[in-house]
Amino acid sequence: MRFFPPTAALYLMVGFSAFSLSGCNSNSNTPSAGAASNNSAIAVLPIRSIEQDTVDFEEYIGRTEASETVEVRARVSGFIKTVNFQEGTYVQENDLLFTIEPDQYQAVYDQAMSRIDLVNATAELAASKLARAKKLIDANAISQEEYDENVAADKESNAAIAAAKADAAVAALNLKYTEVRAPISGRIDRALITRGNMVNGGILDGSLLTRIVHNTPMFVYFDVDERSLLNYQRLLVQIVAESGITKNEIKNRQVPCYMQLQDETTFTHLGYLDFIENRADSDTGTIRVRAVFENQDQLLTGGLFVRVRIPKRRSSYKAVMIPEQAIVSDQTAKSVFVIGPDNVIERRSITLGSQKGELRVVQEGLKPGETIVMEGTQKVRPGVKITPTAKWEEMEANFYQKALAKQIKLVDAPPQTELPANPSPNSSPAEAAPVANPTSPNSGSN
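No experiment lies behind these values; they were computed from the predicted model shown. Counting starts from 1 at the beginning of each chain's written sequence and moves along it residue by residue. At least 70 in pLDDT is required for a residue's local features to be given in this predicted model, at least 80 for side-chain atom pairs to be given and counted, and no such filter applies to totals for whole chains, interfaces and linings, which use all residues. Side-chain measures here rest on the full set of heavy atoms in the structure, leaving out hydrogens and waters.

Draft legend 1. Structural context of the overall build of the protein. Within the protein one finds seven helices and 21 strands. In the protein, buried positions account for 37% of the 446 residues. Between two residues, a contact is recorded if the distance between any of their heavy atoms is within 4.5 Å. Nonlocal contacts in the protein, meaning residues at least 24 apart in sequence, comprise 78% of its contacts between residues at least 6 apart. Accessibility throughout is a Shrake-Rupley quantity obtained with a 1.4 Å probe, and a residue counts as covered only by protein chains that appear here. Carbon and sulfur atoms make up 52% of the accessible area of the protein, which totals about 26400 Å². The way it works is that DSSP assigns letters per residue, a run of H or I at least four long becomes a helix, a run of E at least two long becomes a strand, and they are numbered from the N terminus. Any residue under 20% of the maximum accessible area for its type is buried, any over 50% is exposed, and the rest in between are partly exposed; the area is computed with a 1.4 Å probe on protein chains only.

Below you can see the structure in the form of structure tokens.
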């Protein structure tokens, strides 16, 4: 066996590799892989960007709370005699809910009324003695001391009458409180203490009998961050300056908000802001805000977690929109594949705005009516040629029709909620655009 030195062995390996590569490429007529991909068009689903009137929203998590809540407690002690309501139903103000055995309180009341009769008789006797004493003192028939005693006795009897009447009033109240009535109208809870059980009375520590909540309207409380708070405060200042409405009249401004329940996919419930706390929480940097919803169908109940949207501005603006799924993401930027002349792909960077359900606002990089790749973005790259899917225009129309139907529009809010037409100094021309009716799904399409 013959051994080659290391240098000679290296030369042989390089020569063999060059021979192998030249042999593989000896047929100059064989097309490359890139050329093959360019010659075969890729089928994709295109879609055109549209321009729509839209409004941006801030979204928060809130919790529902009844507009009125009352804990019904016993004012007097005793045994529950009757329960006079059906649990979970709606009761009217002053309906009889419970009765507490009244016998003892009736006896105390009768005793107090009898005492009034007794002190009245005593007062009449004292008054007659005083009248005689006045005649006798004028004739110097009695001493001044005896006369003063008659005057004091008359005053004492009058005071006894007042005390007896006060005791009778207290006894009447206690007797009245043996009938526990609904303080408000609303939906009643279950009976927490049932018939035959003992209850303790008292203003502060009386036994809890049941609860009543009034759910029409329904309140929703949520916390707003500082940045959003300042934005809304500027809007309110603008309204005050141009309409003359004072800041205290927040209910009259009818600032709209929209609510979504846990089992819903859209914000279909319309309400209004009616209260803002007078200071922000320095620990969290938020402020508590309340919205009110009519809840005439009694769908809402207290304690539910909900999503709330409030418009950033009360005027709409023209926005370019595309499907969210058409956006290509990488580590540095967002882009879309634009279909240019001759169906050749171009990759273009875009600046995104807010999300509108299945749609996304494009702030920069795309014009209305430009065609982009909606489905098949993983198969294309810049410079390749594509073939549009059959009936893509029909699919485009169906997609936009469904996507736009879920959008919240300013026409959902009453006319008086619109901001003045003049934009604020910090607003952009787009945000200051006048409100217009939403266009059709294919508006902005070529």
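Draft legend 2. Looking closely at unusual backbone geometry. Backbone torsion omega between threonine 216 and proline 217 reads 5 degrees, so that peptide bond is classified as cis. Among the structural elements, proline 217 can be located in strand E10 (residues 208-225). Here asparagine 94, not a glycine, exhibits a phi torsion of approximately 80 degrees, which is positive. Mapped onto the secondary structure, asparagine 94 falls in the loop between strand E5 (90-91) and strand E6 (96-100).

Draft legend 3. Focus on the packing of helix H3 (residues 103-138) against helix H4 (residues 144-176). Between N-to-C directions, angles span 0 to 180 degrees; the directions come from axes that are lines fitted to C-alpha atoms, helices contributing only their stretch in contact. Two elements in contact, H3 and H4, have axes whose closest approach is 8 Å; the angle formed by their N-to-C orientations is 165 degrees. By the angle class used here, H3 and H4 are roughly antiparallel. For the element pair H3 and H4, the recorded crossing hand is left-handed. Taken together, the residues of the contact of H3 with H4 sort by class into 23 nonpolar, eight polar and six charged. What sets the label is the angle itself: under 35 degrees gives roughly parallel, over 145 gives roughly antiparallel, 65 to 115 gives roughly perpendicular, and the rest give oblique. Left-handed describes a crossing in which the near helix is turned anticlockwise from the far one by less than a right angle; the clockwise case is right-handed. The nonpolar class holds Ala, Val, Leu, Ile, Met, Phe, Trp, Tyr, Cys and Pro. Asp, Glu, Lys and Arg form the charged class, and all remaining residues, Gly among them, are polar.

Draft legend 4. Spatial organisation of the packing of aromatic side chains. Side-chain rings of Phe, Tyr and Trp (the six-membered ring for Trp) are treated as a pair once their centres are within 6.5 Å; stacked means planes under 30 degrees apart, edge-to-face means over 60, and tilted covers the remaining angles. Under the criterion given, the structure shown has five aromatic pairs. Their ring planes at 85 degrees and their centres at 5.7 Å tell us that phenylalanine 57 and tyrosine 258 sit as a pair that is edge-to-face. You can see phenylalanine 57 sitting in strand E3 (residues 57-73) and its partner tyrosine 258 sitting in strand E11 (residues 256-260), a full 201 residues away along the chain. We note that phenylalanine 57, like tyrosine 258, is buried. Geometrically, the ring pair formed by phenylalanine 85 and phenylalanine 98 is edge-to-face, given 5.3 Å between the ring centres and 75 degrees between the ring planes. Residue phenylalanine 85 is found in the loop between strand E4 (78-83) and E5, and its partner phenylalanine 98 is found in strand E6; the two are separated by 13 residues along the sequence. In this structure phenylalanine 85 comes out as buried when scored by relative accessible area, which is 12%. Counting as a charge over the ring demands two things of the Lys NZ or Arg CZ atom: a distance within 6 Å of the ring centre and an angle within 35 degrees of the ring normal. Taking the ring centre of tyrosine 177 as reference, the NZ or CZ of arginine 75 above it sits at 4.3 Å. Residue placement shows arginine 290 over the ring face of phenylalanine 219; its charged tip is 4.1 Å from the ring centre.

Draft legend 5. Layout of the pairing of E11. Among the five residues in E11, five count as buried, and that is most of the element. As paired strands, E11 and strand E12 (residues 269-276) are joined by four bridges and run antiparallel to one another. What sits directly across from tyrosine 258, in E12, is leucine 270. Strand pairing is assigned whenever DSSP detects at least two bridges linking the two strands.

Draft legend 6. Region of interest: the pairing of E10. Note: E3 against E10, eleven bridges, orientation antiparallel. Bridge assignment links glutamate 65 to a residue of E10, and that residue is phenylalanine 219. Direction of pairing for strand E8 (residues 186-188) relative to E10: antiparallel, over a ladder of two bridges. Across the sheet, arginine 187 pairs through a bridge with valine 213, a residue of E10. Two elements, E10 and strand E13 (residues 286-293), share eight bridges in a ladder whose sense is antiparallel. Residue pairing for E13: aspartate 223 is matched across the bridge by arginine 288.

Draft legend 7. Representation of H4 within the structure. In a helix, the anticipated span is given by 1.5 Å times the number of residues less one. A rise of 1.5 Å per residue sets the reference length of H4, with its 33 residues, at 48 Å; its end C-alpha atoms lie 48 Å apart and thus fit the reference within 8%. For H4, the set of buried residues is Tyr147, Asn150, Asp154, Ser157, Ile161, Ala164, Ala168, Ala171 and Leu175. Contact partners of the buried residues in H4: H3 and strand E7 (179-181).

Draft legend 8. Fine view of the environment of leucine 352. Tracing the sequence through the fold places leucine 352 in strand E18 (residues 345-356). Taking the C-alpha atoms as reference, leucine 352 lies 5.5 Å from glutamine 363; in sequence the two are eleven residues apart. Contacts of leucine 352, omitting those with residues within four sequence positions, involve Ile327, Lys334, Arg360, Val361, Val362 and Gln363.

Draft legend 9. Broad picture of the sheet that holds strand E9 (residues 198-199). Here we have four strands laid out as an open sheet, ordered E7-E6-E4-E9, and antiparallel in their pairing. Of all strands in the sheet, those with a lone pairing partner are E7 and E9, marking the two edges.

Draft legend 10. Fine view of the nonpolar core. Residues Ile322, Leu366 and Ile372 are the most contacted members of the largest nonpolar core, which totals 25 residues. Those elements that provide at least two residues to this core are strand E1 (42-48), strand E15 (317-323), strand E17 (334-339), E18, strand E19 (359-364), strand E20 (371-375) and helix H7 (392-405). Among all residues touching leucine 366, those that are not within four sequence positions of it are Ser49, Val320, Ile322, Val336, Val338, Arg348, Ile350 and Ile372. Among the buried residues, those of types Ala, Val, Leu, Ile, Met, Phe, Trp, Tyr and Cys that are joined through side-chain atoms within 4.5 Å form a nonpolar core. Formed by 22 residues, the second largest nonpolar core is a distinct cluster that contains Val220, Phe222, Val224 and Tyr232.

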